[in-house]
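Understanding the architecture of this molecule
Listed here are the chains, written in short residue letters.
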Amino acid sequence: MGKKSTLSFLPLRGMVLFPNNGAHIDIGRDKSVAALEECLAHGRQIMLSVQKDVEVEDPKREDVYEIGTVCQVQHVTKLNNGIMRAQIEGLYRARILDFRDDGLFIEVDVEEIEEDKTDTKEIQALIRACISKFEDWVKLSHKIPPEVMIAVNVAMDDGGILCNVVTNHLNCKYQDKQEILGIVDLKSRLEALYKLLLQEVEIMELENKIVFDVNKQMNKIQKEYYLREQIKAINKELGEDDEIAEAIEEYRQKMKEHTYPEYVTEALEKELKRLERTNPASPEMGVIQNYIEWVLDLPWDIENQETIDVKEAQKTLDKHHYGLTKVKERIIEYLSIKALSPDIKAPIVCLVGPPGVGKTSIATSIAQALKRKFVRASLGGVRDEAEIRGHRRTYVGAMPGRIIEGIKNAGSKDPLFLLDEVDKMASDYRGDPVSALLEVLDPEQNSTFSDHYIGLAFDLSKVMWIITANDLGNIPRPLRDRMEIIMLPSYTEVEKMHIAKEHLLDKVKKANGLKKSQVNMSDEVISKIIEDYTREAGVRELERQLSKACRKAAYKIVTEKKKSVRITKKNITDFLGKAKYTETKAEKENQVGLCTGLAWTEVGGVILPVEVAVLKGKGNLLLTGQLGDVMKESGRAALTCIRARSEKLKIDEKFYEENDIHVHFPEGAVPKDGPSAGITMTTAIVSALTGKKVRADVAMTGEITLRGKVLPIGGLKEKSLAAYREGIYTVIMPKANERDLDEIAPEVKAKMKFIPVETIDEVLKVALVD
Ligand code: ADP
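Because the structure is predicted, anything quoted here is derived from the model rather than measured.

**Some remarks on the packing of aromatic side chains**
Enumeration according to the criterion identifies 7 aromatic pairs in this entry. Here the aromatic rings of Tyr 263 and Trp 300 are separated by 6.5 Å at their centres, their planes lie at 85°, and the arrangement is edge-to-face. Linking Tyr 263 in helix 8 (residues 262–277) with Trp 300 in the loop between helix 9 (284–297) and helix 10 (310–320), this pair joins segments that are 37 residues apart in sequence. The exposure class of Tyr 263 is partly exposed, given its relative accessible area of 40%. Given a relative accessible area of 7%, Trp 300 falls into the buried group. Judged by centre distance (5.7 Å) and plane angle (65°), the rings of Tyr 291 and Tyr 453 are edge-to-face. Of this pair, Tyr 291 sits in helix 9 while Tyr 453 sits in the loop between strand 10 (449–450) and strand 11 (457–458); the two residues are 162 residues apart in sequence, bridging distant segments of the chain. You can call Tyr 291 buried: its relative accessible area is 4%. In this arrangement the basic side chain of Arg 393 is found over the ring face of Tyr 291, its NZ or CZ atom lying 3.6 Å from the centre. Residue placement shows Lys 556 over the ring face of Phe 575; its charged tip is 5.4 Å from the ring centre.

**What to know about the side chain of Asn 446**
With respect to the helices, strands and loops of the structure, Asn 446 is situated in the loop between helix 15 (433–441) and strand 10. Given a relative accessible area of 3%, Asn 446 falls into the buried group. A polar contact is formed between the side chain of Asn 446 and the backbone oxygen of Val 440, at a distance of 3.0 Å.

**Observations concerning the UniProt feature "binding site: ATP" (unreviewed entry) in the protein chain**
Under the feature "binding site: ATP" (unreviewed entry), the UniProt entry names Gly 353, Pro 354, Pro 355, Gly 356, Val 357, Gly 358, Lys 359 and Thr 360. Residue classification places Gly 358 among the buried residues on the basis of a relative accessible area of 14%. Beyond its immediate stretch of four places on either side in the chain, Gly 358 contacts His 321 and Leu 488. Each residue touching Lys 359, except ones within four places of it in the same chain, is listed here: Leu 351, Val 352, Gly 353, Pro 354, Thr 468, Ala 469, Asn 470 and Leu 488.

**As for the site of the ligand**
Residues in contact with the ligand amount to 20 residues; listed here are only the nearest, Tyr 322, Thr 360, Lys 507, Arg 540 and Glu 543. Contact distances for the ligand include 2.7 Å between a nitrogen atom and a backbone N or O atom of Tyr 322. Protein contacts shield 91% of the accessible area of the ligand, which totals 560 Å² for the unbound molecule. Those elements that provide at least two residues to the shell around the ligand are helix 12 (359–370), helix 17 (493–511) and helix 19 (540–559). The biggest single contributor to the shell around the ligand is helix 17, with 4 residues. When grouped by side-chain class, the residues that make up the shell around the ligand number 9 nonpolar, 7 polar and 4 charged. The residue makeup of the shell around the ligand includes at least three contributed by each of domain 4 (310–487) and domain 5 (493–534 + 541–576).

**Points about the side chain of Lys 133**
Take Lys 133: it is sitting in helix 2 (residues 121–141). Once you skip the residues sitting within four places of it in the chain, Lys 133 turns out to touch Tyr 194, Leu 197, Leu 198 and Val 201.

**What about the UniProt feature "active site" (unreviewed entry) in the protein chain?**
Feature annotation in UniProt assigns "active site" (unreviewed entry) to the following positions: Ser 676 and Lys 719. Spanning 44 residues, the annotated positions come together in the fold, the maximum distance between their C-alpha atoms being 10.9 Å. Structurally, the position occupied by Ser 676 is in the loop between strand 20 (659–664) and helix 24 (678–690). What makes Ser 676 buried here is its relative accessible area of 14%. The residues touching Ser 676, leaving out its near neighbours within four places in the chain, are Leu 598, Thr 701, Gly 702, Glu 703, Ile 713 and Lys 719.

**Considering the pairing of strand 8 (residues 374–378)**
Taking every second residue as pointing to the same face, the buried face of strand 8 carries Val 375 and Ala 377, while none of Phe 374, Arg 376 and Ser 378 on the other face is buried. Alignment of strand 8 against strand 9 (residues 416–420), held across 5 bridges, turns out to be parallel. When the bridges of strand 9 are listed, Ala 377 appears paired with Leu 419.

**Considerations on the packing of helix 2 against helix 3 (residues 147–154)**
For any two helices packed against each other, one specifies the inter-axial angle together with the distance between the axes. Where helix 2 contacts helix 3, the two axes come as close as 11 Å, and the packing angle between them is 175°. As the angle between them shows, helix 2 and helix 3 are arranged roughly antiparallel. From helix 2, Ile 131, Phe 134, Glu 135 and Val 138 reach across to helix 3, where they touch Val 148, Met 149, Val 152 and Asn 153. Considering only residue class, the contact of helix 2 with helix 3 consists of 6 nonpolar, 1 polar and 1 charged.

**Re the sheet that holds strand 9**
Taken together, 5 strands build an open sheet; the order of strands is 8-9-12-7-13 and the sheet is parallel. Edge strands, defined here as strands with exactly one partner in the open sheet, are strand 8 and strand 13 (484–487). Here the average twist between neighbouring strands, direction ignored, is 20°. Of the pairings in the sheet, the one linking strand 9 to strand 12 (residues 464–469) comprises 4 bridges and is parallel in character. Across the sheet, residue Phe 417 finds its bridge partner in strand 12, namely Trp 465.

Quick notes on the rules
Residues numbered from 1 in each chain as written. Predicted model: local features only at pLDDT ≥ 70, side-chain atom pairs only at ≥ 80, totals over all residues. Heavy atoms only, no water. Phe/Tyr/Trp six-rings, centres within 6.5 Å; stacked < 30°, edge-to-face > 60°. Helix = DSSP H or I, 4+ residues; strand = E, 2+ residues; numbered from the N terminus. Buried < 20%, exposed > 50% of the residue type's maximum accessible area, 1.4 Å probe, protein only. Lys NZ or Arg CZ within 6 Å of the ring centre and 35° of its normal. Polar contact = N/O pair within 3.5 Å; in protein donor to acceptor, adjacent residues only side chain to side chain. UniProt positions renumbered as here; feature names shortened; annotations may be inferred. Contact = heavy atoms within 4.5 Å. Near = heavy atom within 4 Å. Areas by Shrake-Rupley, 256 points an atom, 1.4 Å probe, with all protein chains shown as cover. Nonpolar A, V, L, I, M, F, W, Y, C, P; charged D, E, K, R; others polar. Domains from an automatic or database assignment. Pairing = 2+ DSSP bridges. Axes fitted to C-alpha atoms, helices over the stretch in contact; angles between N-to-C directions. Parallel < 35°, antiparallel > 145°, perpendicular 65-115°, else oblique.

Rendered as structure tokens:
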């Protein structure tokens, strides 16, 4: 039987104290404080036992475990909040026999548990097994100081002490610890301890694995963070840190200011990270920054919500441009449709006409009328796909293409985009710009247009495209099919007069800092400028001449201190110098072998003289003057046609065998191709062979067949204006072109005589003089 004693009692919450171990315990409950004081007052030991339920405030006998530990109080400190902190030492295990609560504190009668000192081989084996498991546990736990192992090894001979020391260190539940405390039989106790150790080692292994996995992840993040900090530190040393940090900060700020599509934000983030990692001295830095800035600056989310006021738009268009009714009409129609159904896609309009007829400027006023931003890009000379779609970023000096560049300049995703000179585009081995352009214009594809440089889909579907060209024939076919062609023809003198008076004059005065009243110019003078100082399809040169006159006028006003200047027919040379075009190119006299044709070129209609000489020879036909293939064939056809009707024309049938015929087009600079010079060549050759003169006041155009039929041609309006400008008022033309006469301005028609013909005989009848 063990020793019995009466001791004051401390109920413990959630912790088990073992003999052979010391601990700090904080005591707060009144009864516990009183029990402690009682024990101190009598220099006694104290009995500790664990509550079965930590929640219980005032435990009764059944609320605490029967077996606890008798302890020695070594030291007590009073903490501020009335709590006592006691340093205690566990002495031996004891069983509670009696439990008395007098309301002040609890007192117990206890009986010491005599330790089982059995020492069999089995016990030895169990002890070793427990120590070895505990060693495993210590290794895994990392928290236990190595000295503990020394203490444990000392307890090798005493299984009871071993159980006390080892269990005390484990982090297991207090119930498990209490179990070890409560078992009296040593073998059972060691077995229970071994089981507990097994379980704890397993848990610890699992815990370590979890910690390891999490750490691995964390380490990667930390490593990156660490490296980045290092780069920052290096950059700071080199003084380059601030600049980059500032730039990055600026980019981030910008990203907050706009809404970018998610894929754009992701791409930007990626680049910003790259930027942070990149050495500021490396050339890549600039490349990345350049890219980021491009992407940031694109108007991903900016649109000018159109407010459509059709009447207002009509006014704007009329205000800036004289005539051009077809274009204006088409635009107003489109606006009306758009007002009804806002989602309608803008048409792709292609304005075709000679230079200076207002293609660009009408596009600008359309933009103004629609309140859209205006941008333009020239396609002239574009032969590389990359100019449209950009270079891939892997190229040194890569840049976005002209489309994305234009959009960036516009600063909104729905500008009016003018693509100039589409007819001057060419394709070569570097890829086909036409197909790239097709993709840009195709409403099915352009909502996800991807520039090679930017590499992110940009929505071009809201852009309104206007395209210009000088020559319809040179527009690549697939493009032409997709566009709505509007022709802008050359202006007549009368139209030019209107444009000059109503638009250009005020514009150039303003541009030269002059008030309207400061320069006076009569209609007569303007007319003279149009006739003698310019010769063009459009009004660009006219605008330049008017501007030149205004500059001179401004100079006179300032230097001669005049209030205003009057420009008259007499003093015009003071302003513009000598007239440039007093002489027309038209021949004054009827001549043999010289006939005036009419041609259509990119810059409008021109007159095209043909010379023919017949020389002794062997029947060769010589064609000179920079001719295209079609023109050469046309020359041969003319000759055959003449041979076929030599009898009728009273030409020696053998003329062909004994002579060489040389046909020459003296206007070397005018590109010449097409069949429309057929009747001109025929007439000139017949004239040369027969010696009959050709009328100098007649111009002609028409294709010829071998049988002498005259076939229709294009561009009659332009051609007849050219004749008119050069002072030739009779035009021979194919009968099939008669319906084109409706398009010719009334003032031109009134002055000119058009002779429609079906056969070459009719042509010769009119053109040759006996
Ligand atoms: P294009 O693009 O066809 O070569 P521009 O648009 O550059 O021609 O026109 C040249 C100049 O002529 C511009 O100043 C323009 O304002 C003026 N202009 C052309 N046509 C007209 C017109 N119908 N009314 C008023 N000004 C015009």
